[in-house]
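Reading the structure
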Amino acid sequence: MKKLLVSLAAVAALSTLAVAGGNSQTGCGLGSMIIKDNSSALMLALQATTNGTSGNQTFGITSGTSGCKKTKLVMNERAAEFVASNMDTLAKEISVGHGESVDTLAELLNVEDKAVFASALQSNYNKIYASQSVKMADVLDNISTTAI
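Residues numbered from 1 in each chain as written. Predicted model: local features only at pLDDT ≥ 70, side-chain atom pairs only at ≥ 80, totals over all residues. Heavy atoms only, no water.

**Remarks on the overall build of the chain**
A tally of regular secondary structure across the chain gives 10 helices and 0 strands. N-terminal to C-terminal, the α/β element order of the chain is α-α-α-α-α-α-α-α-α-α. The burial tally for the chain puts 39% of its 148 residues in the buried class. Put simply, 49% of the contacts in the chain that link residues at least 6 apart link residues at least 24 apart. When the accessible surface of the chain is summed, it comes to about 8,800 Å², and 57% of that surface belongs to carbon and sulfur atoms. (Helix = DSSP H or I, 4+ residues; strand = E, 2+ residues; numbered from the N terminus. Buried < 20%, exposed > 50% of the residue type's maximum accessible area, 1.4 Å probe, protein only. Contact = heavy atoms within 4.5 Å. Areas by Shrake-Rupley, 256 points an atom, 1.4 Å probe, with all protein chains shown as cover.)

Written out as structure tokens, the structure reads:
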């Protein structure tokens, strides 16, 4: 057991030093870093399974390790998960300047003036959603630089 923990710690330490980008199909994390073959569905499934079951993908996103892009805004995990789970709904509500998802995000970010926050999000919609393939980390970064 001790050898297993030492091995896992060594792999985690080495993975934080890597500069590899996450795979666009399976995301970032240990699986994407150690399994480089993206040529088959089986290999992609192994990457995704390793990323998800090892629990390092969430840590990597919040810390900027394991090939993940760290968001500029340090958020609680609930806010990051909320944005990731509600990208489409959030985009629609930000475009109109109000909605339940916008209010929830404001609460998760401890924003005091929700109306000003919603208005800032709406007026910066094109900066927050700079492309159709925008990632969750980019949305959080863009919100932090434009609306908070």
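**Some details on the pattern of salt bridges**
Evaluated as defined, the whole model comprises 1 salt bridge. Salt-bridge contacts for glutamate 107 lead to lysine 114; the nearest nitrogen and oxygen are separated by 3.1 Å. On the basis of relative accessible area, lysine 114 is assigned to the partly exposed category, the value being 30%. (Salt bridge = Lys/Arg side-chain N within 4 Å of Asp/Glu carboxyl O.)

**Regarding helix 7 (residues 100-108)**
The periodicity of an α-helix, 3.6 residues per turn, causes residues three or four places apart in sequence to face the same way. Among all positions in helix 7, only Ser101, Val102, Leu105, Ala106 and Leu108 are buried. Along the axis of helix 7, the buried positions cluster into a sector of 165°, meaning they face one direction only. Set apart from the buried face of helix 7 by more than 90 degrees, the exposed residues are Glu100 and Glu107. Positive phi shows up at asparagine 110, right after helix 7, with a value of about 60°. (Arc of directions from axis to C-beta.)

**Description of helix 6 (residues 87-96)**
For helix 6, the complete set of buried residues consists of Met87, Leu90, Ala91, Glu93 and Ile94. Check the buried side of helix 6 and you find it contacts helix 5 (77-85), helix 7, helix 8 (114-123), helix 9 (125-128) and helix 10 (136-146). Positive phi shows up at glycine 97, right after helix 6, with a value of about 90°.

**With respect to the packing of helix 6 against helix 7**
One can describe the packing of helix 6 onto helix 7 by two numbers: an axis separation of 8 Å at closest approach and a directional angle of 100°. When the axis of helix 6 is compared with that of helix 7, the two are roughly perpendicular. Contacts between helix 6 and helix 7 involve Thr89, Leu90, Glu93 and Ile94 from the former and Glu100, Ser101, Val102 and Leu105 from the latter. Residue composition of the contact of helix 6 with helix 7, by class: 4 nonpolar, 2 polar and 2 charged. (Axes fitted to C-alpha atoms, helices over the stretch in contact; angles between N-to-C directions. Parallel < 35°, antiparallel > 145°, perpendicular 65-115°, else oblique. Nonpolar A, V, L, I, M, F, W, Y, C, P; charged D, E, K, R; others polar.)

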